[in-house]
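# Coordinate inspection notes
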Amino acid sequence: IFREIEKIAKKGPTGVDLEKVILNLKKEREQAKPHNAYWMNVIYNYYYLGENNDAKENFEDIIEQISPKKIKKFTKSFMKKADIIDVVFVPKKSE
């Protein structure tokens, strides 16, 4: 995982990979719309947070502005401030 994050921080994601992610986000959102959970989330966010998650400017417009350069810049910034701890689980020895 760390190698992939470092790779993104150095080179950024490929345009092809980013396009696949954006298309998948749009597809998943459209598939969620017929379900009550989607609309419950939209209503909750509208009344409690004052945000309309179903509005074009709060989803489509935002993801269309994402670029490999912006992801690279964010990843570099995030990794500079990140505290990283490696944890290894070792099974208990049987008696």
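This text goes with the structure placed above it.
So, here's what we can say about the structure. Quantities reported herein were computed from a predicted structural model and do not represent experimental measurements.

## What to know about the overall build of the chain
The helix and strand tally for the chain stands at five helices and zero strands. Helices and strands appear in the chain in the N-to-C order α-α-α-α-α. With the principal axes as the frame, the chain shows a C-alpha extent of 55 × 45 × 25 Å. The contacts of the chain with a sequence gap of at least 6 include a subset with a gap of at least 24, amounting to 67%. Entry remark: accessible area of the chain is about 8,600 Å², with carbon and sulfur atoms responsible for 59%. Looking at charge distribution, the chain has the averaged site of its 19 positive side-chain charges lying 8 Å from that of its 15 negative ones.

## Structural notes on the pattern of salt bridges
Inspection of the entire model under this criterion finds six salt bridges. Across the salt bridge formed by Arg29 and Glu60, the nearest N and O atoms sit 3.0 Å from each other. A residue pair is termed long-range when its members are at least 10 positions apart, and Arg29 in helix H2 (residues 15–32) and Glu60 in helix H4 (residues 60–64) qualify at 31 residues. A relative accessible area of 8% places Arg29 in the buried class. Between Asp54 and Lys33 there is a salt bridge; the shortest N-O distance is 3.6 Å. Taken together, the positions of Asp54 in the loop between helix H3 (36–49) and H4 and Lys33 in the loop between H2 and H3 put the pair 21 residues apart, joining distant regions of the chain. Residue classification places Asp54 among the partly exposed positions, given a relative accessible area of 25%.

## Topic: the side chain of Arg29
There is a polar contact of 3.2 Å between the side chain of Arg29 and the side chain of Tyr38. When near neighbours in sequence (up to four residues on either side) are disregarded, Arg29 contacts Tyr38, Asn53, Asp54, Ala55, Phe59 and Glu60.

## What to know about the packing of aromatic side chains
Under the definition given, this model contains four aromatic pairs. Arranged with centres 4.8 Å apart and planes meeting at 90°, the rings of Tyr38 and Trp39 form a pair that is edge-to-face. Looking at Trp39, the relative accessible area reads 34%, which means it is partly exposed. Ring geometry for Tyr44 and Tyr48: centres 4.6 Å apart, planes at 35°, overall tilted.

## Describing the packing of helix H1 (residues 2–11) against helix H5 (residues 68–81)
Think of two packed helices as two axes; the pair is described by the angle between the axes and how far apart they sit. In contact at an axis separation of 7 Å, H1 and H5 are set at 125° when each is read in the N-to-C sense. In terms of orientation, H1 and H5 fall into the oblique class. The way H1 lies across H5 gives a crossing that is left-handed. For the pair H1 and H5, contact is made by Ile5, Ile8, Ala9, Lys10 and Lys11 and by Ile71, Lys72, Thr75, Lys76 and Met79, respectively.

Each value, and the rule that gives it
- Residues numbered from 1 in each chain as written.
- Predicted model: local features only at pLDDT ≥ 70, side-chain atom pairs only at ≥ 80, totals over all residues.
- Heavy atoms only, no water.
- Helix = DSSP H or I, 4+ residues; strand = E, 2+ residues; numbered from the N terminus.
- Contact = heavy atoms within 4.5 Å.
- Areas by Shrake-Rupley, 256 points an atom, 1.4 Å probe, with all protein chains shown as cover.
- Lys, Arg positive; Asp, Glu negative; His and termini not counted.
- Charge placed at Lys NZ, Arg CZ, Asp CG, Glu CD.
- Salt bridge = Lys/Arg side-chain N within 4 Å of Asp/Glu carboxyl O.
- Buried < 20%, exposed > 50% of the residue type's maximum accessible area, 1.4 Å probe, protein only.
- Polar contact = N/O pair within 3.5 Å; in protein donor to acceptor, adjacent residues only side chain to side chain.
- Phe/Tyr/Trp six-rings, centres within 6.5 Å; stacked < 30°, edge-to-face > 60°.
- Axes fitted to C-alpha atoms, helices over the stretch in contact; angles between N-to-C directions.
- Parallel < 35°, antiparallel > 145°, perpendicular 65-115°, else oblique.
- Left-handed = near helix turned anticlockwise from the far one by under 90°.

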